[in-house]
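Each chain, written out:
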Amino acid sequence: MFRDHSFHLLRSSTLALRISLSLLSLLLLKSEPPSPRSPSSPSGADFAVAANGMTSAAGLRNLGPEDASITSGDFFEALTSSEFYKNTKVCDIAGSFRWAPFIALQKSDSFLAMLLLLSKYKMKSVPVLDLGDGKINNIITQSAVIHMLAECTGLHWFESWGAKKLSEIGLPTMSPEQIITVDENEPVLQAFKLMRKKRIGGIPVTECGGKKAIGNISLRDIQFLLTAPEIYSDYRSITAKNFLIAVRKYLEKHDKGSPMLSGMISCKRDETVKDLIQTLDSAKIHRVYVVDDEGNLEGVITLRDIISRLVHEPRGYFGDFFDGVLPLPQNSTV
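Residues numbered from 1 in each chain as written. Predicted model: local features only at pLDDT ≥ 70, side-chain atom pairs only at ≥ 80, totals over all residues. Heavy atoms only, no water.

**Q** Where do I start with the overall build of the protein chain in this structure?
**A** Scanning the protein chain for helices and strands turns up 15 helices and 10 strands. In the protein chain, which comprises 334 residues, the proportion classed as buried is 46%. In the protein chain, the share of contacts with a sequence separation of at least 24, taken over all contacts with a separation of at least 6, comes to 67%. (Helix = DSSP H or I, 4+ residues; strand = E, 2+ residues; numbered from the N terminus. Buried < 20%, exposed > 50% of the residue type's maximum accessible area, 1.4 Å probe, protein only. Contact = heavy atoms within 4.5 Å.)

**Q** When you look at the environment of valine 126 in this model, what are you seeing that I'm missing?
**A** Structurally, the position occupied by valine 126 is in strand β3 (residues 125-130). For valine 126, a relative accessible area of 0% corresponds to the buried category. Spatially, the C-alpha atoms of valine 126 and leucine 105 are 6.9 Å apart, while their sequence positions differ by 21 residues. With residues up to four places along the chain from it excluded, the contact list for valine 126 reads Ile103, Ala104, Leu105, Leu117, Leu118, Asn138, Ile139 and Ile140.

**Q** Before we go on, may I ask you to explain the nonpolar core in this structure?
**A** Taken as a class, soluble globular proteins show a tendency for nonpolar side chains to be buried jointly. Ranked by size, the top nonpolar core spans 37 residues in total, and within it Ile146, Leu276, Ile277, Leu280 and Ile306 carry the most contacts. Ranked by residue count, the leading element in this core is helix α6 (residues 111-118), at six residues. Residues contacting isoleucine 277, with those up to four places away along its chain left out, are Ile146, Leu149, Ala150, Phe158, Trp161 and Ile306. Of all hydrophobic cores here, the second largest spans 26 residues; its members include Val205, Leu219, Ile222 and Ala246. (Core = buried A, V, L, I, M, F, W, Y, C linked by side-chain atoms within 4.5 Å.)

**Q** What is the right way to look at the pairing of strand β10 (residues 297-302) in this model?
**A** For a regular strand, side chains alternate in direction, first toward one face of the sheet and then toward the other. Most of β10 is tucked away, with five of its six residues classed as buried. Examined bridge by bridge, strand β9 (residues 287-291) and β10 share five bridges and lie antiparallel to one another. Looking at β10, one finds that tyrosine 289 is bridged to valine 300. Between the end of β9 and the start of β10, which pair antiparallel, lie five residues, with glycine 295 showing a positive phi angle near 90 degrees. (Pairing = 2+ DSSP bridges.)

**Q** Is there a simple way to think about the packing of helix α7 (residues 142-150) against helix α13 (residues 273-283) in this case?
**A** The geometry of a pair of packed helices is captured by two quantities: the angle between their axes and the separation between those axes. Where α7 meets α13, the axes come as close as 9 Å, and the angle between the chain directions of the two elements is 125 degrees. For the element pair α7 / α13, the angle class is oblique. Remark: the crossing between α7 and α13 carries left-handed chirality. In contact with Ile146, His147, Leu149 and Ala150 of α7, α13 contributes Ile277, Leu280 and Asp281. Considered class by class, the residues forming the contact of α7 with α13 number five nonpolar, one polar and one charged. (Axes fitted to C-alpha atoms, helices over the stretch in contact; angles between N-to-C directions. Parallel < 35°, antiparallel > 145°, perpendicular 65-115°, else oblique. Left-handed = near helix turned anticlockwise from the far one by under 90°. Nonpolar A, V, L, I, M, F, W, Y, C, P; charged D, E, K, R; others polar.)

**Q** Help me out: how do you make sense of the confidence of the model for the protein chain in this one?
**A** Do not read the fine detail of predicted coordinates wherever pLDDT is low. On average, residues of the protein chain score 77 in pLDDT, and 69% of them are at 70 or above. Taken as a whole, residues 1-15 scores under 50 in pLDDT and shows 49 contacts with residues more than four places along the chain or in a different chain. Segment residues 33-73 is flagged for pLDDT under 50; beyond a separation of four residues in sequence, or across chains, it makes 77 contacts in the model. (pLDDT = per-residue confidence, 0-100.)

**Q** Looking at this model, I keep getting lost on the pattern of salt bridges. Mind explaining?
**A** Where charged atoms from two side chains of opposite charge come close, those side chains can pair. Applying the stated criterion to the full structure yields six salt bridges. Residue arginine 248 pairs with glutamate 252 through a salt bridge whose shortest N-O separation is 3.7 Å. Taken as a pair, arginine 248 and glutamate 252 lie in helix α12 (residues 240-254) at a separation of four residues, close to a single helical turn. Note on arginine 248: relative accessible area 33%, which makes it partly exposed. Salt-bridge contacts for lysine 284 lead to aspartate 281; the nearest nitrogen and oxygen are separated by 3.7 Å. Look at aspartate 281 and you get buried, because its relative accessible area is 13%. (Salt bridge = Lys/Arg side-chain N within 4 Å of Asp/Glu carboxyl O.)

**Q** Explanation requested: unusual backbone geometry in the structure shown.
**A** Negative phi characterises most residues that are not glycine, and trans characterises most peptide bonds. The linkage connecting leucine 171 with the following residue, proline 172, adopts the cis geometry, with an omega of 0 degrees. Mapped onto the elements of the fold, proline 172 is located in the loop between α8 (156-162) and β5 (182-183). Of note, arginine 199 is a non-glycine position whose phi angle comes to about 60 degrees, a positive value. With respect to the element layout, arginine 199 can be found in the loop between α9 (188-198) and β6 (202-206).

**Q** Which parts of the structure should I look at to understand the sheet that holds β9?
**A** Strand pairing within a sheet occurs via backbone hydrogen bonds; the two strands may be parallel or antiparallel. Taken in spatial order, the three strands line up as β8-β9-β10 in an open sheet, and their pairing is mixed. Each edge of the open sheet carries a strand with a single partner, namely β8 (266-267) and β10. Alignment of β8 against β9, held across two bridges, turns out to be parallel. Considered in β9, the bridge of cysteine 267 is made with valine 290.

**Q** Quick question: what am I supposed to make of α6 here?
**A** Each turn of an α-helix holds 3.6 residues, which means side chains three or four residues apart point in the same direction. Judged by how many residues are buried, α6 sits mostly within the fold: six of eight residues are covered. By the burial criterion, the buried members of α6 are Ala113, Met114, Leu115, Leu116, Leu117 and Leu118.

**Q** Is there a simple way to think about the side chain of aspartate 305 in this case?
**A** Summarising the element assignment, aspartate 305 is placed in helix α14 (residues 303-308). Within the structure, the side chain of aspartate 305 is placed 2.9 Å from the backbone nitrogen of threonine 302, a separation counted as a polar contact. The residues touching aspartate 305, leaving out its near neighbours within four places in the chain, are Leu171, Thr173 and Val300. (Polar contact = N/O pair within 3.5 Å; in protein donor to acceptor, adjacent residues only side chain to side chain.)

**Q** Which parts of the structure should I look at to understand α7?
**A** All buried positions along α7 are accounted for by Gln142, Val145, Ile146, Leu149 and Ala150. Angularly, the buried residues of α7 cover 145 degrees about the axis, an arc narrow enough to put them on a single face. Among the structural elements, α6, β4 (135-141), α8, α13 and α14 are those in contact with the buried residues of α7. (Arc of directions from axis to C-beta.)

Quick look at the structure:
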């Protein structure tokens with residue numbers, strides 16, 4: 001256990017992300033080449049297998065790739081009428097990912113512990129648990145920490161640190177060759193496949209044959225495959241570029257206030273930490289792409305990258321907790 005037993009495991013799950021990943025797995029499964037039909041219906045266990053990246057479960061074969069026109073472009077109609085939807089339970093999804101059970105904080109835990117979990121240990125959110133009544137009082141997210149930093153504008157320590165250029169604090173941490181991208185003419189499903197395979201939350205769309213980014217596709221964008229019939233009806237073949245165009249048209253019609261209409265947000269290496277934090281906070285985004293003067297990609301900076309520059313883990317701070325309690329399950333997707 002952690003020092004002073006201050007961290008506790010909960011038999012619960014961050015289901016919003018997990019359900020998104022599971023629905024993504026279903027879409028990717030349906031995009032695979034046709035499989036022989038099976039008279040059996042998929043069980044919840046079969047679905048959990050698919051959600052963990054195993055698309056060969058025999059029970060899922062009757063979810064084979066019917067032509068999208070059969071569904072009249074309505075994903076939810078196709079989903080809710082399937083045996084897969086009727087048979088799958090929350091417990092089938094909840095226990096199939098790395099952070100199940102997830103880690104919780106108590107109000108008495110240190111600020112350092114919270115920042116370490118949200119940076120080095122790659123958690124995007126941490127629930128705050130009241131052990132007395134077993135209730136979750138709140139959930140602290142990476143975005144909340146960035147907002148807190150933005151609120152520190154004017155304080156001496158923040159102005160001093162925030163005046164540094166990104167390159168001065170070692171950002172971005174990756175080289176241009178390490179950036180995972182998808183070409184504008186590739187199917188948008190390729191972007192989602194790469195996100196699942198590489199375990200990342202977003203991917204830049206680049207010009208054909210070049211390094212200039214024309215947009216960004218994140219895991220959250222799967223919602224448009226589910227809610228926009230005009231996009232879902234063509235989801236197997238629509239390119240990354242046309243997906244971005246279709247999403248913009250959909251938002252202009254249904255949500256004119258969406259921050260996504262502002263397009264992909266980028267920055268330069270000589271931008272200050274303060275400016276970047278204010279951009280991340282005001283735009284409510286999770287990553288910014290670093291570009292050169294010609295617009296070519298040079299790196300990616302995420303919320304976690306910013307938070308990690310605030311903390312250093314003292315030797316033995318968590319003991320050997322993360323070495324043995326939370327092994328990565330086989331075929332885990334997160």
